[in-house]
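Chain by chain, the residues run as shown.
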Amino acid sequence: MADLFEEKSKDWDSNDIVQKISSSVGGSILSHLTLNTQMNVMDFGAGTGLICHHIAPLVKKITAVDISQSMLDKLVKKATLVAKVETICQDITKKPLNQQFDLIVSAMALHHINDTDQLLDTFQRHLKSGAKVALADLDSEDGSFHPKGTEGIYHHGFKREGLQGSLEKNGFSQIKFINAHTIAKAQKSYSVFLVIATKI
Ligand SMILES: C[S@@+](CC[C@H](N)C(=O)[O-])C[C@H]1O[C@@H](n2cnc3c(N)ncnc32)[C@H](O)[C@@H]1O
């Protein structure tokens, strides 16, 4: 499988937009969820570990799942994360992990996955009963967020009511959307939601 983030991984962490998103999303996760040092957390599409950075000190362990080895290679070089974070380069929708988590977090990865229902079903199977997801991505946009021709983009953001329906269909309840961040680009602004839901 091609590593679509190989080039981007080189300066991912020095991208101001990326830093601001992860800072807001990480802050929202900490404000709206109660974390504890017994929790095993999955970060789906963890990339270089910017969201892990916010969560790691407060939980037992994070499993950082991504299909980009180059992004994960950046993560494992971070001294603050090595003790708490295990990286797995694998498409868990095709090859699931043999583990259930207390929480799955994800930032800006959902729009890279074609079949959202299948992904939410995969999440549900990787969670203990009563465990939560906290998923951040773009609200529905006009397709101008990514440069034309960017590979691996399957959704121009998400309509909240559509995602809510998919979460309900795949075994989640207590669904709450939070306005996590606004990305200000030169011509336009794009809003980012964080949705929290509980596995029934
Ligand atoms: C926009 S980046 C976000 C990275 C990180 N969450 C952050 O906020 O900095 C999207 C990430 O999703 C990953 N990704 C794309 N498809 C994936 C899949 N099927 N399984 C796991 N990760 C995937 C990409 O490799 C990339 O690292």
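Residues numbered from 1 in each chain as written. Predicted model: local features only at pLDDT ≥ 70, side-chain atom pairs only at ≥ 80, totals over all residues. Heavy atoms only, no water.

## Remarks on the packing of aromatic side chains
- The tally for this structure, following the rule as stated, stands at four aromatic pairs.
- Aromatic side chains Phe-177 and Phe-193 sit 5.6 Å apart centroid to centroid with 65° between the ring planes, which places their arrangement in the edge-to-face category. Of the two residues, Phe-177 sits in strand β6 (residues 172-184) while Phe-193 sits in strand β7 (residues 189-199), which places them 16 residues apart along the sequence.
- Looking at Lys-8, its charged tip hangs above the ring of Phe-5, at a distance of 4.7 Å from the centre.
- Lying over the aromatic face of Phe-145, Lys-185 brings its terminal NZ or CZ to 4.0 Å of the ring centre. (Phe/Tyr/Trp six-rings, centres within 6.5 Å; stacked < 30°, edge-to-face > 60°. Helix = DSSP H or I, 4+ residues; strand = E, 2+ residues; numbered from the N terminus. Lys NZ or Arg CZ within 6 Å of the ring centre and 35° of its normal.)

## A few points about the nonpolar core
- Counting 34 residues, the largest nonpolar core has Val-25, Ile-29 and Leu-194 as its most contacted members.
- Every element with two or more residues in this core is listed here: α2 (16-32), α3 (50-55), β2 (61-66), α4 (69-76), β4 (101-107), β5 (127-138), β6 and β7.
- By residue number, the principal contributor to this core is β7, which donates four residues. (Core = buried A, V, L, I, M, F, W, Y, C linked by side-chain atoms within 4.5 Å. Buried < 20%, exposed > 50% of the residue type's maximum accessible area, 1.4 Å probe, protein only.)

## Details of the pattern of salt bridges
- According to the stated counting rule, one finds 10 salt bridges in the structure shown.
- One salt bridge in this structure joins Lys-78 and Asp-13, with 2.6 Å as the shortest N-O distance. Here Asp-13 lies in the loop between α1 (6-11) and α2 and Lys-78 lies in the loop between α4 and β3 (85-89), a separation of 65 residues in the sequence.
- What makes Asp-13 partly exposed here is its relative accessible area of 28%. (Salt bridge = Lys/Arg side-chain N within 4 Å of Asp/Glu carboxyl O.)

## Observations concerning the sheet that holds β3
- The mixed open sheet is built from seven strands, whose spatial order is β3-β2-β1-β4-β5-β7-β6. The open sheet is flanked by β3 and β6, the only strands paired with a single partner. For this sheet, the mean angle separating the axes of adjacent strands, direction not counted, is 15°.
- Sheet analysis places strand β1 (residues 40-44) next to β4, joined by four bridges and oriented parallel. The residue bridging Val-41 from the neighbouring strand is Leu-103, located in β4.
- Where α4 meets the sheet, it contacts β2 and β3, and its direction lies at approximately 165° from that of β3.
- Packed onto the sheet, helix α6 (residues 160-169) meets β5, β6 and β7 and runs at close to 145° relative to β6. (Pairing = 2+ DSSP bridges. Axes fitted to C-alpha atoms, helices over the stretch in contact; angles between N-to-C directions. Contact = heavy atoms within 4.5 Å.)

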